[in-house]
Each structure stands twice: as structure tokens, then as C-alpha cells.
2 protein chains.
Amino acid sequence: MIVGTEWLIEAFGCDPAKLREIDALKSVFDKAVTGLGLKVLGAPQWHKFGGEGGVTGLTMLTESHLACHTYPEYGTATFNLYCCRSRPEWDWESNLRDLVGATSVSVTRIQRGEDPNSAIRNPKSQAVGGEN
Amino acid sequence: MIVGTEWLIEAFGCDPAKLREIDALKSVFDKAVTGLGLKVLGAPQWHKFGGEGGVTGLTMLTESHLACHTYPEYGTATFNLYCCRSRPEWDWESNLRDLVGATSVSVTRIQRGEDPNSAIRNPKSQAVGGEN
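So, a few notes on the structure that sits alongside this text.

All right, on to the overall build of chain A then. Looking only at helices and strands, one finds two helices and seven strands in chain A. Along chain A, helices (α) and strands (β) appear in the sequence β-α-β-β-β-β-α-β-β when read from the amino end. Residue pairs at least 24 apart in sequence account for 62% of intrachain contacts in chain A once pairs closer than 6 positions are excluded.

Turning next to the pairing of strand E6 (residues 104-112) of chain B. Residue and element names in this part refer to chain B. Across the nine residues that make up E6, a large majority, seven, are buried. Note: strand E1 (residues 4-12) against E6, nine bridges, orientation antiparallel. The residue of E6 that forms the bridge with Thr 5 is Gln 111.

To continue, consider helix H2 (residues 92-100) of chain B. Residues and elements named next belong to chain B. Of the positions making up H2, those classed as buried are Trp 92, Leu 96, Leu 99 and Val 100. Down the axis of H2, the buried set is contained in an arc of 80 degrees. They therefore lie on one face. Each element contacted by the buried residues of H2 is listed here: E1, helix H1 (22-36), strand E5 (76-83) and E6. Just past H2, the residue Gly 101 takes up positive phi, approximately 75 degrees.

With that settled, consider unusual backbone geometry. Residues and elements named next belong to chain A. A positive phi angle, near 145 degrees, is found at Ser 64, a position not held by glycine. Note on placement: Ser 64 falls in strand E4 (residues 64-71). For Ser 64, a count of 24 C-beta atoms within 10 Å puts it in the buried group.

The next subject is the packing of H1(B) against H2(B). Pairs of packed helices are described in terms of their axes, by the angle between the two and the distance that separates them. Residues and elements named next belong to chain B. Orientation of H1 relative to H2, taken along the N-to-C sense of each, is 150 degrees, at an axis distance of 10 Å. By the angle class used here, H1 and H2 are roughly antiparallel. When the axes of H1 and H2 are compared, the crossing they make is right-handed. On the side of H1, the interface is formed by Ala 24, Ser 27, Val 28 and Lys 31, while H2 contributes Asn 95, Leu 96, Leu 99 and Val 100.

This brings us to the pairing of strand E1 (residues 4-12) of chain A. All names here are of chain A. Within E1, nine of the nine residues are buried, which leaves it mostly tucked inside the rest of the structure. Every second residue of E1 is oriented toward a common face, with Gly 4, Glu 6, Leu 8, Glu 10 and Phe 12 on one face and Thr 5, Trp 7, Ile 9 and Ala 11 on the other, all of them buried. Bridge analysis of E1 against strand E5 (residues 76-83) gives seven bridges, and the strand direction is antiparallel. In the strand pairing of E5, Thr 5 is matched with Cys 83.

On to the nonpolar core. Residues A:Ile9, A:Ala11, A:Leu96, A:Val100, B:Ala11, B:Leu96 and B:Val100 are the most contacted members of the largest nonpolar core, which totals 64 residues. Looking at this core element by element, the count peaks at five residues for E1(A). Excluding residues that lie within four positions of it along the chain, B:Leu96 makes contacts with B:Ala11, B:Val28, B:Ala102 and B:Val105.

Here we come to the environment of A:Met1. Assignment of secondary structure puts A:Met1 in the segment before E1. Once residues within four sequence positions are removed from consideration, A:Met1 is found in contact with A:Gly113, B:Tyr74 and B:Thr76.

The rules behind these values
Residues numbered from 1 in each chain as written. Chains lettered and ligands numbered in written order. Predicted model: local features only at pLDDT ≥ 70, side-chain atom pairs only at ≥ 80, totals over all residues. Helix = DSSP H or I, 4+ residues; strand = E, 2+ residues; numbered from the N terminus. Contact = placed C-beta atoms within 7 Å. Buried ≥ 20, exposed ≤ 12 C-beta atoms within 10 Å, placed from the backbone. Pairing = 2+ DSSP bridges. Arc of directions from axis to C-beta. Axes fitted to C-alpha atoms, helices over the stretch in contact; angles between N-to-C directions. Parallel < 35°, antiparallel > 145°, perpendicular 65-115°, else oblique. Left-handed = near helix turned anticlockwise from the far one by under 90°. Core = buried A, V, L, I, M, F, W, Y, C linked by C-beta atoms within 7 Å.

And the structure:
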């Protein structure tokens, strides 16, 4: 039984200054929430790590959650959007280009809650896009 | 550049009553945090949906985040653990069996921050374990 869809997004070549600005990342969350008609639950949490460090953001949604972690030292940001109701695809690529200066964006969609015994594409333990 | 590791965990055949108890899910988070030597940042967020609904939990970590969503109507719970520093594997299977009565557990490990142009196993858009 599929209980939700999760999008894992990696943004590369971003402007390191934007990846240290909570407001820039908040604008990504706000635009996704508005664009997809999501509903925020409670207070979003944001943390800026010290010095040249990046930002972590977590927002609870009626539909599940939205998360981001940024790595200004590599120009990389990662996002998770988990939705337990069907949502259309969002244009992460153009939004992340506009809002944090990404030069390339990868989007991976994963169905959550599949029984590992019923789908050959979801074995018990699986590494995706990894080194092993 | 791999910036972190994310574990996506699906637990099946769980006790529906446990999936409606914030305390049962908190005990999973607490045990993972202690077992893996993680550091909680700020206040963990928990929400119990009304009536027969499930629970959502989000905890910000120095190492990234921990999330869960439960679906008592299906006996299913899903967890995400995202760590930006190397951590050993945690025994999700026996812990989820003990704490929420899971009868089977699937763990998928994903490397975050890989450049989609440099790895054939991480194409620009990819559905894993899904229907399309």
C-alpha cells in the first residue's frame, strides 16, 4: 500500500551566500507550499549553523513534511518533500535557479509504504545512487 | 560530492494503537538518537491527527533530521533519518518490532548530494520502487 510520495531534490552550483540565508531558503518553502496548495502545521523550524555553515529547515505539513539542508562549501542544497496526498510535480529546477542560483537540479521521486515483499524494485535493503 | 546519507524506513504490520501514540514513536526517536550518538537541535515537533489518525514527528539534528509518519489504518509507519556525518547502520528491524510491533521492515539507504551528471545510477529524474 503506497501511503505517500517523497521527492528528494539535489541542487548544485548554487550561490553559497544564498545557502547561508535563512530567508532565501524560506522563500523556496513558501513558494512550494503556495504552489502545491500545502498546509503548514505548527511553527516551521530553521537553524543557521555558525560561521560559514549552512542552513537546516523543517516544516511540518498536514500532508507530511518539507526539509532542507544546505552545504555552501559545495554550492549544494538538498530538499525533501513528503506528501501523503497526491500532488502534481513542482518545477524545482526553475524555482531553485531563481531563488538560490542553482545551475543544475536532480529530482528523485519515491513511493513510500510499499511492501518490500510485493515489488521486485523495492528489495529489503537497497542503496540508490550510492557508492555501494 | 556526497553530502549526507539518508535512510528511508518502512515498517509494516505494526500495532495500530502504537501508531496513534506519540510516546511510542518518541521512544523510537529517542532510541535512535541515543544509539547513533546524534544531537537534537531545538524542540522536537509532534502532531497527532484527530480520531483514528496517525502521528507525524520531526526532529532537527546537528547531523540533519529525523522524521516519521504513521498510518494506523494500514499498520504502516515510515521514517527518514538524514545524517550529514557518517553513522553506522542502526537495527531498525528489531527496534521497530519491539517498539511498535512491526512484522516486517524495509530500509533503503540513499546518498545525498550526488551530481546527477556524474553517476549513471542517479539520472535527472528517477522513480524508485514506484508504479512508474
